[in-house]
Each structure stands twice: as structure tokens, then as C-alpha cells.
Amino acid sequence: MTATLEAPAAIDPAAPPPRRKRRRVRQDPVTIALIAIVVAILFFLVLLPLGRTFLTAFSERGLDTLTGMWTSPVNRKILVNTVVLGLLVAAIGTLIGFVLAYAQARLQWRGKKIVHLLSLLPIVSPPFAVATAVITLFGRGGIISKQLLGLNWNVYGLGGLTLVLALSFFPVAYLNLLGMLRSLDPSMDEASQSLGANKWQVFRTVTLPMLIPGFAASFLLLFVESIADLANPIVLGGDFTVLASRAYIAIIGEYNLAAGAAYSMVLLVPALLVFIVQRYWANRQSAVTVTGKPAGSAKLNASNAARIPVLAVVGLIMVLIITIYGTVILGGFVRILGVNNTFTLDNYRYLFQGIGSDAIITTTVLALIATPIAGVLGMLIAWLVVRKLRRWAGAMDFLGMLGLAVPGTVLGIGYAIAYNTPVDAWGRRFLPALAGGGAIFAGAMAIVMVYIARSIPAGQRSGVAALQQIDPAIDEASTSLGASGLTTFRKVTIPLIRMALLSGLTYAFARSMTTISAIIFITTPRTRIMTSQILSEVEAGRFGNAFAYCTILILIVLAVIGLLNLGMRGKGSAAPTIPPAA
């Protein structure tokens, strides 16, 4: 199990593939058909929901909301709240990620493996786990805040949200910066030291400047993740309203779909801008800073002056993580943690004997259906981008990455608008209703589509990185022997990028099991999803059931990762990695 959570190489999840010289491979009809099929799939997965959301936002009722964003003081405050929250979470989460990454890559100490695994726990846990545990520990009647310290802290609002979101999303920065630190050429440090610089000067004048692209990428990713998050503002926001929760209230509470679409469009603008800026920045950095592969391993710093302050911060973060996830596990086995600590199995009986079992089975099955589809689609798009397309490679790459760039709340509202009714055009019916209670498969198909759309980008990035390490002459040899594009992809490319495929599959399953923002608008009574059920339990104050749900969900995700790891043993390959979440 431990091998599955190794840090990936310095892969920027939103970075475009660096330009490289490619030999022209003659495209055959099968390849052209594959391109058409992929574009059609991406159209229905991402473009159609986005387009319908855009049209609804600019309808008469939507325009009232859009114009009110600038004229209404309430809406302006919501906009400011969203930006402030995003900036705080991005800054604190990036700082936490850097401290942990630096301790792992540059300091000499014991216990790195367990700290690495604990740092990745937020990736495989549902978004409510941290928020619910923080309320139990630090809320008005919290175990630590009230019962131990006698304080009356108010964890609801900006402070609590910043803490929870920073703890939930820092693994993104941690993995990015860890990969960069391990990839830095140690000869740069050695050259600086040979010129008389001490370790602090090397850190300040060599290491930090070389990590600036990583800091920028992590900051931007965490900013987008935090402003797009819906679950935690609903649970912890209190009077602190942000755009995502305002869009949720407009649709669920006010039944105003146009207003919800308008709020989501406002949310989409900074997310897309950040995504485009990051791609532009990454492209520039790849053109001017590539200096070759590391010549060796960096010498670990064993001085107490560096280790004591850094490891003290690492220790505090680990204690907080252990306390939070210990609360999640323990909370499922008592009646009301902190109020009535009597041991009970009623929370788990409720899950396995009531509607909880339906949610567990349905969520797992839908995630297992979406995972291979997303993994193969991600690899196929990567293959087209790196091997087949020339002029349109950037457009295809951007189209595939939209599932990551578009906030989950926006995508979920788009699915509710686009697929609650049949898709008709030019007098013909292309698709029946896919979302909502009256849809085919009780709305399950729309949920699977959302899972696929949100999971493709991770596999795509892993596939692009893997294909760039493989000589394109191998594909050309297959083509020259008469193999079609599909045959080459199936028999040559897939075996060569098997590790990237497994990495994409691992991430796709974890992402599908823990997503909430994108599916909360399209779940139905006949298709219950675990994260949606957890939200219902938290809103009803049944924290014990919510903790039990979170524990079961984490165990399912870890079990699947373990099975993937076991499936790879004996094949002489390294374990798959979990790309940075987004």
C-alpha cells in the first residue's frame, strides 16, 4: 500500500506539453475517426453543459443577477469574500505544502514515509471529513476548544473555512513542490557552496528562486480549488457566503436556475483565467529554464538550525492531521463524540442496513464504471496530442483539461441545465434526459459522465508526460508495418504507458468517490451518492453517521488503490502515483 502513494515527478497538472520536434506520422482514417469520436465525447461531457449554462446565465433572469453583481452591495461582498478566501487558502496551503516538501526532500530525519502518507490523506478522503472533525474539535462546544481549554471559539466563517480548506488542499502544493525539489540539479547548490555561500544563502539565493514556478502553480491551483469548493462553505460558512454556496442556495433554496447559472458564470471567469495564465507561465518556463537532468542526489541537511524549526512545523501539522482523522474514525464508533461517548455500532448499522448501503454500492459501482473510461480517454487524448495532432494539439489538450479548469459547481449546474431534459437539435432527438428523477437509469448516467469529465485531465497529464519519454519512431515503425492508428494505440502505445494509465485510473477512482460539488445538483432519490448522503447527515447534525460514511469511503478508496498495487506486483514496475488533485 505504501508504494502506491509515492510522490510523482514534477508534473504540473495544468501545464501544457512542452514543444518538441516530432516526425510526421501519416494519419489514417481510423485515427481521424478517433479524433472525431474524442471531440464528440468531450462536447457532450464538457462543452454542451458549459454552453447551456452560458445561455441560461445570459437569459433575462440571469442578466438581472449578473448586473446585480456590481450594483448590489450584498453581491459585491460575496464576490470579495470569494476572492479573500481564495487568496488566504492559496497562501497558507502553499506554505504548508512547501514546508512538508522541503522537510522530505532536503532534511535528514526519520519518519519521512509515514509523514508522506499522512500528508496524502486529504486526497483520498471526502471533503466533509476535515470540516466535520474541526467542528467537533474546535466548535462552540468542541472537545478541545470548550471542554479542554474552556474557550468559546466560533469556527464558522472565514477563519474556520481557511483552516479546513488549507488542510484539505495543501497536498496539491506538497506534491508539486516535492517533485520540483527532487528534480533540482544539486550541482547548482554545490557550485554556490564552492563560491563561499553558506546553507542559508544557498537556500535563499538558489533553491527558492528555482522553485518560483512551483510556488506560482501551487498558489494558482489552490486559489481555484478553494473558490470552487462547495461542500465546506455549506457546512462551515455560516454568514460568510461565497459564490459557490450562493449558486447552490439560488438553485436548491430559491429554485432560480438562471441566478445559479449566473453566479456560476462569475465563478468560472477567474478559474479559467488562472488556468490559462498557468499554462502560459508553464510554457514560458519550459522554454527558458530547462537545464538537463539532475547529476545526482542533493546532500541532505543535518544541521539542527534548519531541522528544528522546520520539523517543529511539520510535527504540528501532523498532530493536527492525526487528531482530525482520529476524530473521524472514533466518531463513527460513539453516539455523539464529545457529548455522549458511549461505544456503539449503531452508526455502521444505519449505513449497512438502511439507505446507506444503497449509497455505498451505487457510488462504488458508478466510480468503477467511470474509472476505466476516464483512464483510457485520458491516454487517448494524450496520444493524439503528443503523437498525432500538430496544429490542433494545443486545442485538443485544452479541451481535455477543461474538466479540471471548470469548477465542479459550474459543471454540476451545467449538467442540471443541459441534461434534465432531452437533447434535441434540428428537429431530431440526440439524447434522452440523462439527469433528474425521470432520466434513464435514474440519473446515474449523468453522474458517470461527470465522474469521467472530472477524471480525464489527471490521466491525460500522466499520459502526456509518459509519451514524451518514448521515442516516436516506435509509433512510426508500427505505422510503416501497416498498423492503423487504433491498432498502434492499443498494441504499442498502451503497453508502453501502462504506468501512466494505472496512475490515471488510481486518481480517477479516488476523484470519483470523493467528488460532491459537481454531482450535488444531479443526484436523485433513486441514485444515492455517498458524498451527498454525508452532506445530508452533517446538515441534520448526525455527525456519527457522517463519520462512519467518511471512514467507509476512505477504506474503499484505499482498498482499490491497494488492489491496483497488488495487480502490478511481479511485473517489475514501479507503483502508480497519485497525481496532484485539483
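Everything here concerns the structure above.
Reading the values: rules and limits
Residues numbered from 1 in each chain as written. Predicted model: local features only at pLDDT ≥ 70, side-chain atom pairs only at ≥ 80, totals over all residues. Heavy atoms only, no water. Helix = DSSP H or I, 4+ residues; strand = E, 2+ residues; numbered from the N terminus. Buried < 20%, exposed > 50% of the residue type's maximum accessible area, 1.4 Å probe, protein only. Contact = heavy atoms within 4.5 Å. Areas by Shrake-Rupley, 256 points an atom, 1.4 Å probe, with all protein chains shown as cover. Salt bridge = Lys/Arg side-chain N within 4 Å of Asp/Glu carboxyl O. Core = buried A, V, L, I, M, F, W, Y, C linked by side-chain atoms within 4.5 Å. Expected span 1.5 Å × (residues − 1). Arc of directions from axis to C-beta. Pairing = 2+ DSSP bridges. Phe/Tyr/Trp six-rings, centres within 6.5 Å; stacked < 30°, edge-to-face > 60°.

A. Summary view of the overall build of the chain. Counting its secondary structure elements, the chain contains 24 helices and four strands. Here the chain, with 582 residues, has 58% of them falling under the buried criterion. In the chain, the proportion of contacts linking residues at least 24 apart, taken out of those at least 6 apart, comes to 80%. Looking at the chain as shown, the accessible area adds up to about 24,600 Å², and 65% of this sits on carbon and sulfur atoms.

B. Local environment of unusual backbone geometry. Even without a glycine there, the phi angle at Trp426 is positive, about 50 degrees. Residue position: Trp426 is located in the loop between β3 (423–425) and β4 (428–431). Within the chain, Phe441 stands out as a residue other than glycine whose phi angle is a positive 55 degrees. Looking at where Phe441 falls in the secondary structure, it is placed in the loop between β4 and α19 (444–467). For Phe441, a relative accessible area of 63% translates into the label exposed.

C. Up close: the pattern of salt bridges. Applying the stated criterion to the full structure yields five salt bridges. A salt bridge links Arg246 to Glu254, with the nearest nitrogen and oxygen atoms 3.2 Å apart. Take Arg246: its relative accessible area is 16%, and that puts it in the buried class. Since its relative accessible area comes to 40%, Glu254 is described here as partly exposed. Taking the shortest distance from any N to any O, the salt bridge between Asp424 and Arg429 comes out at 2.9 Å. In this structure Asp424 comes out as partly exposed when scored by relative accessible area, which is 44%. By relative accessible area, which is 57% here, Arg429 ends up exposed.

D. Highlighting the nonpolar core. Core analysis: the biggest nonpolar cluster contains 183 residues, and Leu100, Val314, Met396, Tyr415, Tyr419 and Ile522 have the highest contact counts within it. Ranked by residues supplied to this core, first place goes to helix α16 (residues 355–388) with 15 residues.

E. Examining helix α9 (residues 199–210) more closely. Taking 1.5 Å of rise per residue, the twelve residues of α9 would be expected to cover 16 Å, and the 15 Å separating its terminal C-alpha atoms lies within 8% of that figure. Within the span of α9, buried status applies to Val202, Phe203, Val206 and Thr207. Buried residues of α9, seen end-on, are gathered within an arc of 125 degrees and therefore sit on one face of the element. Packed against the buried residues of α9 are α3 (73–106), α7 (158–183) and α8 (186–194).

F. Seen up close, the pairing of strand β2 (residues 340–343). Pairing analysis gives two bridges linking strand β1 (residues 334–336) to β2, with the strands arranged antiparallel. In the sheet register, Val334 faces β2, and the bridge partner there is Phe343. Between β1 and the antiparallel strand that follows it, β2, lie three residues; Gly338 among them carries a positive phi value of about 90 degrees.

G. Broad picture of the packing of aromatic side chains. The full count for this structure, using the stated rule, is 14 aromatic pairs. Measuring from ring centre to ring centre gives 5.2 Å for Tyr102 and Phe203, while their planes differ by 75 degrees; the resulting arrangement is edge-to-face. Taken together, the residues span a long stretch of sequence, with Tyr102 in helix α3 and Phe203 in helix α9 at a distance of 101 residues. The burial state of Tyr102 is the same as that of Phe203; both residues are buried. The rings of Phe98, Tyr102, Trp200, Phe203 and Phe215 are connected pair by pair, giving a single aromatic cluster.

Purely spatial values, then, with no claim about function.
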